[in-house]
Amino acid sequence: SPQQRTVLAALLLQAGVPVSIQQLMETLWDDDAPRSAEATIRTYVYRLRRVLTPDGAVPPVIRSAGAGYLVDVRPGELDLATFRQLVGEAELARRQPDPAGAADLLRRGLALWAGEPLAGLPGQPMERYRANLAKLRLNALEALLAAEIDLGAYVSAGDQLASLVAEHPLDERFRRLLMLALWRSGQQAEALAVYQDARDALAAELGVDPGPELQTLHLRILRADPPEPPARPASHLATKQRTTPAQLPADLPDFTGRAAELAALDGLLPAGGEPPPAMLIATIHGMAGTGKTALAVHWGHRVAERFPDGQIYVNLRGFHPSGVVMSPLEALRAVFDALGVDPRQLPDGLDAQAAL
């Protein structure tokens, strides 16, 4: 049924993250959940488990997590996760700069899209998800066409951009890229006509002038500046400082116990003092107030010399008295600040910053 598919979609859209029954109720019924809502959701999950976990395989694809459920997916199993990964890798390739590599990654990511996402699923929450997914796809398409223009594919990129301008007449990104493709292919008059059309449309619909990027490009074309390729970022990030971050909080001077846990953590590192592997993730879990942070900080001080690039500490405020949990963008900004990254070099959006 559409509602059962909605439950599956809601879990997959947050793959790897627990989704509470309350969240599922809001997704299915907004603010008008029936009295039997919780029992209905549990029935839907039971039926989904029977379909997705044949022969009672362990662990099930959908498993209980606190007051809700969680879906675990492996690499390559969920198109959306693969798409996000490819877009992140493309952003890194663009900064190398490697426009050909970025274009190839973006084409592979966009090839995963087939039809309307979440088609046929009812409710305002699914409508919002659809809109967000459409934005993700358009952002990737914009990045692909920009890379193709950098590679000199003016005609093919221009054809696609003309269609996108017709579909999204108020989106200045596609008009700017279309002007750029026309200008670089020697069609100055056509590029100026695109600007005039943008100006008329924005004035008629919103009562505003084109944005500064569109105006700057328009002025360059009017002045007959040479159509040089856009400036590409350097292959490394300029930093405000050259210090090594050392953000571990102070260790407890009388720390004691936890010998088994410390030994388990020590066992994650190579023997003989060799450098750790490129990616090493350890999670310490337990009830609130049992000393997880104290253990992590204590072990961090013990092995700090094994990590010469520094130590970064981010408090996500999961149990903060204020109840205000740190957002992913806040956490990323804290890491960038610790590394001395100039905030003016940060790309827009959570996905692009996470990839960086």
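Residues numbered from 1 in each chain as written. Predicted model: local features only at pLDDT ≥ 70, side-chain atom pairs only at ≥ 80, totals over all residues. Heavy atoms only, no water.

Asker: What should I look at first to understand the overall build of the chain in this one?
Answerer: From N to C terminus, the chain includes 14 helices and three strands. Summarising its shape, the C-alpha atoms of the chain cover approximately 75 × 60 × 40 Å along the three principal directions. Burial statistics for the chain: of 356 residues in total, 32% are counted as buried. Within the chain, contacts between residues separated by at least 24 positions form 60% of all contacts whose residues are at least 6 apart in sequence. Counting every atom, the chain has about 21200 Å² of accessible surface; 55% of that belongs to carbon and sulfur. Computing the positive centroid from 34 side-chain charges and the negative centroid from 42, the chain places the two 3 Å apart. (Helix = DSSP H or I, 4+ residues; strand = E, 2+ residues; numbered from the N terminus. Buried < 20%, exposed > 50% of the residue type's maximum accessible area, 1.4 Å probe, protein only. Contact = heavy atoms within 4.5 Å. Areas by Shrake-Rupley, 256 points an atom, 1.4 Å probe, with all protein chains shown as cover. Lys, Arg positive; Asp, Glu negative; His and termini not counted. Charge placed at Lys NZ, Arg CZ, Asp CG, Glu CD.)

Asker: What am I meant to see in the side chain of threonine 6 here?
Answerer: Here threonine 6 shows up in helix 1 (residues 2-13). Setting aside chain neighbours within four positions, we find threonine 6 in contact with Thr27, Leu28, Leu121, Pro122 and Met126.

Asker: I tried to follow the packing of aromatic side chains on my own but got confused; where do I start?
Answerer: Geometry of an aromatic ring pair is reported as the spacing of the ring centres plus the angle between the planes. What the rule picks out here adds up to one aromatic pair. Seen from their ring centres, phenylalanine 83 and tryptophan 113 are 5.3 Å apart, and the 85 degrees between their planes marks the pair as edge-to-face. Remark: tryptophan 113 occurs in the loop between helix 5 (99-110) and helix 6 (124-150) and phenylalanine 83 occurs in helix 4 (residues 79-94); sequence separation between them is 30 residues. (Phe/Tyr/Trp six-rings, centres within 6.5 Å; stacked < 30°, edge-to-face > 60°.)

Asker: Sorry if this is basic, but what is going on with helix 10 (residues 212-222) here?
Answerer: Think of an α-helix as turning once every 3.6 residues; residues three or four places apart then point the same way. Listed in full, the buried residues belonging to helix 10 are Leu214, Leu217, His218 and Ile221. Looking straight down helix 10, one finds its buried side chains confined to an arc of 100 degrees; they lie on one side. Alanine 224 sits one or two residues past helix 10 and shows a positive phi near 60 degrees. (Arc of directions from axis to C-beta.)

Asker: Sorry if this is basic, but what is going on with helix 8 (residues 172-184) here?
Answerer: Helix length check: helix 8 (13 residues) gives 18 Å between terminal C-alpha atoms against 18 Å at 1.5 Å per residue, within 8%. For helix 8, the buried fraction is high: ten of the 13 residues fall into the buried class. Of the residues making up helix 8, those classed as buried are Phe174, Arg175, Leu177, Leu178, Met179, Leu180, Ala181, Leu182, Trp183 and Arg184. In this structure, the buried residues of helix 8 make contact with helix 6, helix 7 (154-167), helix 9 (188-205) and helix 10. In the stretch just after helix 8, glycine 186 is the one whose phi turns positive, near 85 degrees. (Expected span 1.5 Å × (residues − 1).)

Asker: Just to check I follow, could you spell out the sheet that holds strand 2 (residues 62-64) for this structure?
Answerer: Consider a sheet: its strands pair through backbone hydrogen bonds, and that pairing is either parallel or antiparallel. Pairing is antiparallel across the open sheet formed by three strands, whose spatial order is 1-3-2. The strands lining the two open edges of the sheet, one partner per strand, are strand 1 (19-20) and strand 2. Helix-sheet contacts for helix 3 (residues 37-52) involve strand 2 and strand 3 (68-71), and the interaxial angle to strand 2 is about 135 degrees. (Pairing = 2+ DSSP bridges. Axes fitted to C-alpha atoms, helices over the stretch in contact; angles between N-to-C directions.)

Asker: Quick question: what am I supposed to make of the pattern of salt bridges here?
Answerer: Any two side chains of opposite charge can pair if their charged atoms end up close together. By the definition in use, this model includes 15 salt bridges. One salt bridge in this structure joins aspartate 72 and arginine 63, with 2.8 Å as the shortest N-O distance. The exposure class assigned to aspartate 72 is partly exposed, which follows from its relative accessible area of 40%. One salt bridge connects glutamate 142 with arginine 173, and the closest N-O pair in it is separated by 3.2 Å. Of this pair, glutamate 142 sits in helix 6 while arginine 173 sits in helix 8; the two residues are 31 residues apart in sequence, bridging distant segments of the chain. Taken together, the shared-partner salt bridges in this structure form one network comprising Glu91, Arg94 and Arg95. (Salt bridge = Lys/Arg side-chain N within 4 Å of Asp/Glu carboxyl O.)

Asker: Would you explain unusual backbone geometry in this entry?
Answerer: Trans is the prevailing form of peptide bonds, just as negative phi is the prevailing case for residues other than glycine. Note that the residue after glutamine 96, namely proline 97, is joined by a cis bond; omega there is 0 degrees. Not every positive phi belongs to a glycine, and arginine 258 is a case in point at roughly 60 degrees. For arginine 258, the position within the fold is in the loop between helix 10 and helix 11 (259-266).

Asker: Whenever I open this one, the nonpolar core confuses me. Can you help?
Answerer: Nonpolar side chains tend toward joint burial in soluble globular proteins. If you look at the biggest cluster of nonpolar residues, it comprises 61 residues, and the most contacted ones within it are Val7, Ile41, Tyr69, Leu161 and Met179. For this core, the element with the highest residue contribution is helix 6, accounting for ten residues. (Core = buried A, V, L, I, M, F, W, Y, C linked by side-chain atoms within 4.5 Å.)

Asker: Any chance you could explain the pairing of strand 3 here in plain terms?
Answerer: Remember that side chains alternate between the two faces of the sheet whenever the strand is regular. Going residue by residue along strand 3, you find Gly68 and Leu70 tucked away on one face and Tyr69 and Val71 tucked away on the opposite face as well. Pairing between strand 1 and strand 3: two bridges, direction antiparallel. Bridge pairing in strand 3 links serine 20 to glycine 68. Bridge count between strand 2 and strand 3: three bridges; the pairing is antiparallel. By the bridge assignment for strand 3, arginine 63 is matched with leucine 70.

Asker: Can you help me understand the environment of alanine 134 in this one?
Answerer: With respect to the helices and strands, the residue alanine 134 is situated in helix 6. As for alanine 134 and arginine 306, which are separated by 172 residues in sequence, their C-alpha atoms are 44 Å apart.

Asker: Would you explain the confidence of the model for the chain in this entry?
Answerer: Low-confidence regions, as indicated by low pLDDT, have predicted coordinates that should not be scrutinised in detail. Taken over all residues, the pLDDT of the chain has a mean of 84, while the share at 70 or more is 91%. Every residue in residues 230-241 scores below 50 in pLDDT, and together they form 29 contacts with partners more than four places removed in sequence or on other chains. (pLDDT = per-residue confidence, 0-100.)

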